[in-house]
Amino acid sequence: MFLKRKVNLYLTEWRKTDDRLPLIVKGARQIGKTESIRHFAKENYENIIEINFALQPEYKDIFDDGFKVDQIIKNITLKNPDFEFIPQKTLVFFDELQACPNCATSLKSFKEDGRYDVICSGSLMGISYHEIESNSVGYKEDYEMHSMDFEEFLWAKGYHPEQIDSLYQHMLLVEPLTDLEFNVFSQVFKEYMVIGGMPAVVRLFVENDNYSGTLRLQRQLLKDYEEDITKYAGGLDKAKILQIYRSIPVFLGKDNKKFQISKVAKGARNREYVGTIDWLNDAGIINVCYCMAEPFLPLRGNYDPSNYKVYYHDTGLLVAALDDEVQDDLRFNKNFNTYKGALYENMVADMLVKAGYQLYFYKNEKSTLELDFMVRDKDSLVPVEVKAADGGSKSLKHAIDKSEYTDIHYGIKLADKNIGYNGKYYTFPYFLAFLLKRYLSEQKSDNTQSIEQVSQNS
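Rules of the game
Residues numbered from 1 in each chain as written. Predicted model: local features only at pLDDT ≥ 70, side-chain atom pairs only at ≥ 80, totals over all residues. Heavy atoms only, no water. Helix = DSSP H or I, 4+ residues; strand = E, 2+ residues; numbered from the N terminus. Rg over C-alpha atoms; globule rule 2.2 N^0.38 Å. Buried < 20%, exposed > 50% of the residue type's maximum accessible area, 1.4 Å probe, protein only. Contact = heavy atoms within 4.5 Å. Salt bridge = Lys/Arg side-chain N within 4 Å of Asp/Glu carboxyl O. pLDDT = per-residue confidence, 0-100. Phe/Tyr/Trp six-rings, centres within 6.5 Å; stacked < 30°, edge-to-face > 60°. Lys NZ or Arg CZ within 6 Å of the ring centre and 35° of its normal. Core = buried A, V, L, I, M, F, W, Y, C linked by side-chain atoms within 4.5 Å. Pairing = 2+ DSSP bridges. Right-handed = clockwise from strand over helix to strand, strands pointing away. Arc of directions from axis to C-beta. Polar contact = N/O pair within 3.5 Å; in protein donor to acceptor, adjacent residues only side chain to side chain. Axes fitted to C-alpha atoms, helices over the stretch in contact; angles between N-to-C directions. Parallel < 35°, antiparallel > 145°, perpendicular 65-115°, else oblique. Left-handed = near helix turned anticlockwise from the far one by under 90°. Nonpolar A, V, L, I, M, F, W, Y, C, P; charged D, E, K, R; others polar.

Overview of the overall build of the protein chain
Stage number 1. Secondary structure summary: the protein chain contains 19 helices and 14 strands in total.
Stage number 2. In terms of overall size, the protein chain behaves like a compact globule, its C-alpha atoms giving a radius of gyration of 23 Å where 458 residues would be expected to give roughly 23 Å.
Stage number 3. A principal-axis box enclosing the C-alpha atoms of the protein chain has dimensions of 75 × 55 × 45 Å.
Stage number 4. Here the protein chain, with 458 residues, has 54% of them falling under the buried criterion.
Stage number 5. By sequence separation, contacts in the protein chain at least 24 residues apart represent 71% of the contacts at least 6 residues apart.

Dropping the structure here:
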């Protein structure tokens, strides 16, 4: 079963570009990079040369004689005479780039030569991507890939683009979904929260049409990540990185969800853990959400680097990391309101990152104002509240009403509620969070009349 991914749409557009650059597809391990590139290659190229530097380390020395394309081809065909390089019809696919950083230096030569298309795939774990970025600057293109987002999960379940676009039109028109639409997509979303977006898990779930074997596979993926940490952490203290990684569910289960190094282990100090959070973030296996210094634009540069929350990059893996006693409650009873709202908050963080956002939140010193996430449209700072249960939205209303917060004009509430607008903030069901960035970029021009109609009917 092939899982349709957004990277394949991107690759198709890349292929159409006349002056295309060599492409690097990067991302966390086991998120489907290789499978997607292979599928694209088979559909678009007469000839494919694939080299995996992790599984075929004998190819690492093909750049030892320099980076001229003819010399690289000569060295490759010496190792495998069956490889054929046909100009304008060949894709060269270098997989596991992190195992051979020298490969990145060759991209400039491949671009200038122009006879062959080149795609590289690399894990964010195992090498500082900055080392690769320093090579072939201006002669390569980068694409960051994630585990499957909710839209890709819907594709895997058989839903069509027209059905997904219908959801978006409801958002633009501030028009509630029908009961059938709301109930069906809410149920699918709960499946996604449990399963997550790791392709192997999604494939097993869809093919079996049940949860059989999914928890075992997720926990194996967690073990694989821990093994990779001990393998690739380099000069950093691997035990401390593992401590951080294993502590994330504990902090998410607390009321404020703030991550504090001092509570990771007895006597732990920040200076002893320098670089550990950055390493996990750079490896693509956590998402870091920074507290804004003040609730004003711009977002970047206006945050406290010492005050942050940490989320799993895939909510399905977070669920799998929880105690055995929790599993049946989540997988069969769909009781997601436990765990102090952490699952919904992690899910929204995951969806925002996959939509292209960097994560920020705001909490004042007195803890009288707390906003789960902060995003923006063209003109405004937009607070986003994630509600795991029914209740008021005091902080959201306060942020919108206070004249001192001049950049905040409206807000968004994500909850187990239908679409609505009360004159201050929009309410959307959780499962529409994957459309939020598109909505914020378009709603200003398309939605004004609808808002006025909603307000008049209220």
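More follows now that the structure is in view.
Some thoughts on the pattern of salt bridges
Stage number 1. Going through the model one piece at a time under the given rule, you end up with 26 salt bridges.
Stage number 2. Glu152 is paired through a salt bridge with Arg5; the nearest N and O atoms lie 3.2 Å apart. Taken together, the residues span a long stretch of sequence, with Glu152 in helix H7 (residues 150-156) and Arg5 in the segment before helix H1 (6-16) at a distance of 147 residues.
Stage number 3. The class of Arg5 is buried, set by a relative accessible area of 3%.
Stage number 4. In this structure, Lys309 engages Glu345 in a salt bridge whose closest nitrogen and oxygen atoms are separated by 3.4 Å. Of this pair, Lys309 sits in strand E7 (residues 303-312) while Glu345 sits in helix H16 (residues 342-355); the two residues are 36 residues apart in sequence, bridging distant segments of the chain.
Stage number 5. For Glu345, a relative accessible area of 5% gives the class buried.
Stage number 6. When salt bridges with common partners are traced through the structure, they connect Lys257, Lys309, Glu345, Lys363 and Glu370 into a single cluster.

Quick word on the confidence of the model for the protein chain
Stage number 1. In the predicted model, the protein chain carries a mean pLDDT of 90, and 94% of its residues have values of at least 70.
Stage number 2. Below a pLDDT of 50 lies the segment residues 445-458, which in the model reaches 16 contacts outside its immediate sequence neighbourhood of four places, other chains included.

A closer look at the packing of aromatic side chains
Stage number 1. Counted according to the given criterion, the structure contains 33 aromatic pairs.
Stage number 2. Ring centres of Tyr410 and Tyr426 lie 5.6 Å apart, and the angle between their planes is 90°; this geometry places the pair in the edge-to-face category. Residue Tyr410 is located in the loop between helix H17 (394-401) and strand E12 (411-415), and its partner Tyr426 is located in strand E14 (residues 425-429); the two are separated by 16 residues in the primary sequence. For the pair formed by Tyr410 and Tyr426, the shared burial category is buried.
Stage number 3. Ring centres of Tyr426 and Tyr439 lie 5.9 Å apart, and the angle between their planes is 80°; on these two criteria the pair is classed as edge-to-face. Residue Tyr426 is found in strand E14, and its partner Tyr439 is found in helix H18 (residues 436-446); the two are separated by 13 residues along the sequence.
Stage number 4. Look at Tyr426 and you get buried, because its relative accessible area is 3%.
Stage number 5. When its relative accessible area of 0% is taken as the criterion, Tyr439 is described as buried.
Stage number 6. Aromatic ring contacts, followed pair by pair, group Phe150, Phe153, Phe189, Tyr192, Phe205, Tyr211, Tyr344, Tyr430 and Phe434 into a single cluster.
Stage number 7. Of note, Lys4 hangs over the ring of Trp155, and the distance from its end group to the ring centre comes to 4.3 Å.
Stage number 8. One residue, Lys309, lies across the ring of Phe361, its end atom 4.5 Å from the ring centre.

Quick word on the nonpolar core
Stage number 1. By size, the foremost hydrophobic cluster in this structure holds 131 residues, and its most contacted members are Phe150, Phe189, Tyr245, Phe259 and Phe373.
Stage number 2. Within the second largest apolar cluster, 23 residues are counted, among which are Ile72, Phe94, Leu97 and Cys103.

Let's talk about the pairing of strand E3 (residues 90-95)
Stage number 1. Burial analysis of E3 places 6 of its 6 residues in the buried class, the great majority of the element.
Stage number 2. By the alternation rule, side chains of E3 split into Thr90, Val92 and Phe94 and Leu91, Phe93 and Asp95, which are all buried.
Stage number 3. Looking at chain direction, strand E2 (residues 47-52) and E3 are connected through 6 bridges and run parallel. Within E3, the position partnered with Asn47 by the bridge is Thr90.
Stage number 4. Note that the unit made of E2, helix H3 (residues 69-79) and E3 has a crossover that is right-handed.
Stage number 5. As judged from the 4 bridges shared by E3 and strand E4 (residues 117-123), these two strands associate in the parallel manner. Paired with Leu91 across the two strands is Asp117, which belongs to E4.

Section: the sheet that holds E7
Stage number 1. Ordered in space as E7-E6-E8-E9, the 4 strands form an open sheet in which the pairing is mixed. Pairing within the sheet leaves two strands with one partner each, and these edge strands are E7 and strand E9 (370-371).
Stage number 2. Judged from the 2 bridges that link them, strand E8 (residues 359-363) and E9 form a sheet pairing that is antiparallel. Its bridge partner being in E9, Tyr362 is matched across the sheet by Leu371.

Regarding helix H15 (residues 324-331)
Stage number 1. Those residues of H15 that fall on the buried side of the exposure criterion are Gln327, Leu330 and Arg331. Down the axis of H15, the smallest arc covering the buried residues is 80°, so these residues share one side.
Stage number 2. Contacts made by the buried residues of H15 are with helix H9 (179-195), helix H11 (214-232), helix H14 (315-321) and H16.

Focus on the side chain of Ser393
Stage number 1. Assignment of secondary structure puts Ser393 in the loop between strand E11 (381-386) and H17.
Stage number 2. Only 2.7 Å separates the side chain of Ser393 from the side chain of Glu385, close enough to count as a polar contact.
Stage number 3. Setting aside its immediate chain neighbours within four residues, Ser393 contacts Glu385, Lys413 and Tyr425.

Quick word on the packing of H11 against helix H12 (residues 238-252)
Stage number 1. With their axes 9 Å apart at the nearest point, H11 and H12 run at an angle of 150° to one another. As the angle between them shows, H11 and H12 are arranged roughly antiparallel. Relative to H12, H11 is oriented so that their crossing is right-handed. On the side of H11, the interface is formed by Leu222, Tyr225, Glu226, Ile229, Thr230 and Lys231, while H12 contributes Lys238, Ile241, Leu242, Tyr245 and Arg246.
Stage number 2. Its residues assigned to classes, the contact of H11 with H12 comprises 6 nonpolar, 1 polar and 4 charged.

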